[in-house]
Amino acid sequence: MANRTGTIRVAPSMLSADFSALGADLAAVEEAGADVIHIDVMDGHFVPNITIGPLVVRALRPLTKLPLDCHLMISEPQRYIGAFLEAGADMISVHVEVEPHLQRALAMIRAGGAKAGIAINPATSADTLAEALPYCDYVLAMTVNPGFGGQKFLPPSVEKVRRIDRMIRDRNLDVAIEVDGGIDRDTAPAIVGAGAEILVAGTAVFGHPDRRAAIELLKRRG
Ligand code: DX5
Ligand code: ZN
């Protein structure tokens, strides 16, 4: 079963890349057919890990034409949206769990010329998306609890993505569903069938000896 648009985009997560050679790994996945570059921003507060910030996004920006998708796993995301826009982000998602003024944050992102996403944790109800859904360009549905790469896909995510997809269809919105966490050749088919269009994949791409094969496999399995 296909998703709403009949397309699958693969977004390798740079969290699983070699941090001493980010530029080379980015070039490798672009060459291997990646559609989007997913960048995991963690603050050691909203999630129990610390990764990278706008300076690294700025450094990667000139190296690729692919959209840079910044997943902000940080408290008070509004404080940093401007910095990520300036750094060259094309997509920015903020978590519903830490943003009490979601429409305002999404409007800031769009005003800066980027696509605005709402990220949502596995334990957060899809209902929390209802009011802000028309103000976003994509929903980033976490399929693991965020913080680390290489975790196991949570099966209830399939039904949740189906619910989100139904909300989007029922209201005739142009909102893409991105999924993130434990996405591989085995978990991709069901989640794409439920409506996912953008597949974030860290381990499945960077842990595979042949990145092109890994990306093609994800597209085919969807
Ligand atoms: C988890 C991050 C993910 C992660 C995905 O907190 O948001 O993007 O890097 O990695 P895999 O595909 O290995 O689960
Ligand atoms: Zn992510």
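Note: the structure precedes this text.
Residues numbered from 1 in each chain as written. Chains lettered and ligands numbered in written order. Predicted model: local features only at pLDDT ≥ 70, side-chain atom pairs only at ≥ 80, totals over all residues. Heavy atoms only, no water.

**Considerations on empty space enclosed by the protein**
Then, number 1: Enumeration according to the criterion identifies two cavities of 30 Å³ or more in this entry.
Then, number 2: Reported here for the largest cavity is a volume of approximately 40 Å³.
Then, number 3: Lining of the largest cavity is provided by Met-14, Leu-15, Phe-19, Leu-22, Asp-40, Thr-51, Ile-52, Val-56 and Leu-60.
Then, number 4: Class assignment of the residues belonging to the lining of the largest cavity gives a composition of seven nonpolar, one polar and one charged. (1 Å grid on protein atoms, 1.4 Å probe; cavity = no way out; pocket = protein on both sides within 12 Å on 5 of 7 lines; lining within 4 Å. Points joined across faces, edges and corners; volume = space filled by probe spheres on them. Nonpolar A, V, L, I, M, F, W, Y, C, P; charged D, E, K, R; others polar.)

**Observations concerning the packing of helix α1 (residues 22–31) against helix α8 (residues 211–221)**
Then, number 1: Where α1 meets α8, the closest approach of the two axes is 8 Å, and the angle between their N-to-C directions is 50 degrees. By the angle between their axes, α1 is oblique relative to α8. You can see that α1 and α8 cross each other, and the crossing is right-handed. In this structure, α1 uses Asp-25, Ala-28, Val-29 and Glu-31 to contact α8, whose residues at the interface are Arg-211, Arg-212 and Ile-215.
Then, number 2: Broken down by class, the residue content of the contact of α1 with α8 amounts to three nonpolar, no polar and four charged. (Axes fitted to C-alpha atoms, helices over the stretch in contact; angles between N-to-C directions. Helix = DSSP H or I, 4+ residues; strand = E, 2+ residues; numbered from the N terminus. Parallel < 35°, antiparallel > 145°, perpendicular 65-115°, else oblique. Left-handed = near helix turned anticlockwise from the far one by under 90°. Contact = heavy atoms within 4.5 Å.)

**Concerning the packing of helix α3 (residues 78–87) against helix α4 (residues 102–111)**
Then, number 1: Taken N-terminus to C-terminus, the directions of α3 and α4 make an angle of 10 degrees; their axes are 10 Å apart at the nearest point. One finds that α3 runs roughly parallel with respect to α4. Counting all contacts with α3, which are made through Gln-78, Ile-81 and Leu-85, the residues of α4 involved are Arg-104, Ala-105, Met-108 and Ile-109.
Then, number 2: A breakdown of the residues in the contact of α3 with α4 according to their chemical character gives five nonpolar, one polar and one charged.

**Side note on helix α5 (residues 157–170)**
Then, number 1: End to end, α5 covers 20 Å across 14 residues, agreeing with the expected 20 Å (1.5 Å per residue, within 8%).
Then, number 2: Of all the residues in α5, the buried ones are Ser-157, Val-158, Lys-160, Val-161, Ile-164, Asp-165, Met-167 and Ile-168.
Then, number 3: In this fold, the buried residues of α5 make contact with β5 (115–120), β6 (138–142), β7 (176–180) and α6 (188–194).
Then, number 4: Remark: Asn-172 follows α5 within two positions and exhibits a positive phi of approximately 55 degrees. (Expected span 1.5 Å × (residues − 1). Buried < 20%, exposed > 50% of the residue type's maximum accessible area, 1.4 Å probe, protein only.)

**Some points on the site of ligand 1**
Then, number 1: In the vicinity of ligand 1 there are 20 residues, among which Asp-40, Gly-147, Asp-180, Gly-202 and Thr-203 approach most closely.
Then, number 2: Gly-147 is positioned such that a nitrogen or oxygen atom in its backbone is 2.7 Å from an oxygen atom of ligand 1.
Then, number 3: One of the side-chain nitrogen or oxygen atoms of Thr-203 is found 2.4 Å away from an oxygen atom of ligand 1.
Then, number 4: Relative to its unbound accessible surface of 380 Å², ligand 1 loses 99% to contact with the protein.
Then, number 5: Of the pockets mapped on this structure, ligand 1 occupies the largest pocket.
Then, number 6: Among the elements of the structure, β2 (37–42), β3 (68–73) and β8 (198–201) are those that each provide at least two residues to the shell around ligand 1.
Then, number 7: Sort the elements by how many residues they give to the shell around ligand 1 and β2 lands first, with three residues.
Then, number 8: Of the residues in the shell around ligand 1, the class split is eight nonpolar, ten polar and two charged. (Near = heavy atom within 4 Å. Polar contact = N/O pair within 3.5 Å; in protein donor to acceptor, adjacent residues only side chain to side chain. Areas by Shrake-Rupley, 256 points an atom, 1.4 Å probe, with all protein chains shown as cover. Sits in = over half its atoms within 2 Å of the grid points.)

**Section: the pairing of β3**
Regular strands show a simple pattern: their side chains alternate between the two faces of the sheet.
Then, number 1: Along β3, six of the six residues are buried, which leaves the element largely enclosed by surrounding structure.
Then, number 2: Covered by surrounding structure in β3 are Leu-68, Cys-70 and Leu-72 together with Asp-69, His-71 and Met-73, the residues of both alternating faces.
Then, number 3: With six bridges joining them, β2 and β3 adopt parallel strand pairing. Bridged to Val-41 within β3 is Leu-72.
Then, number 4: Tracing the backbone out of β2, into helix α2 (residues 54–60) and back to the parallel element β3 gives a crossover that is right-handed.
Then, number 5: With four bridges joining them, β3 and strand β4 (residues 91–95) adopt parallel strand pairing. Note on β4: the bridge partner recorded for Asp-69 is Met-91.
Then, number 6: With respect to chirality, the unit in which β3 leads through α3 into the neighbouring parallel β4 is right-handed. (Pairing = 2+ DSSP bridges. Right-handed = clockwise from strand over helix to strand, strands pointing away.)

**Looking at the pairing of β4**
Then, number 1: Of all five residues making up β4, five are buried, and the element is well covered by its neighbours.
Then, number 2: Residues of β4 alternate between two faces, with Met-91, Ser-93 and His-95 on one and Ile-92 and Val-94 on the opposite face, all of them buried.
Then, number 3: Examined bridge by bridge, β4 and β5 share five bridges and lie parallel to one another. Residue Ile-92 lies in a different strand from β5, and its bridge partner there is Ala-116.
Then, number 4: One crossover worth recording links β4 to the parallel β5 by way of α4, and it is right-handed.

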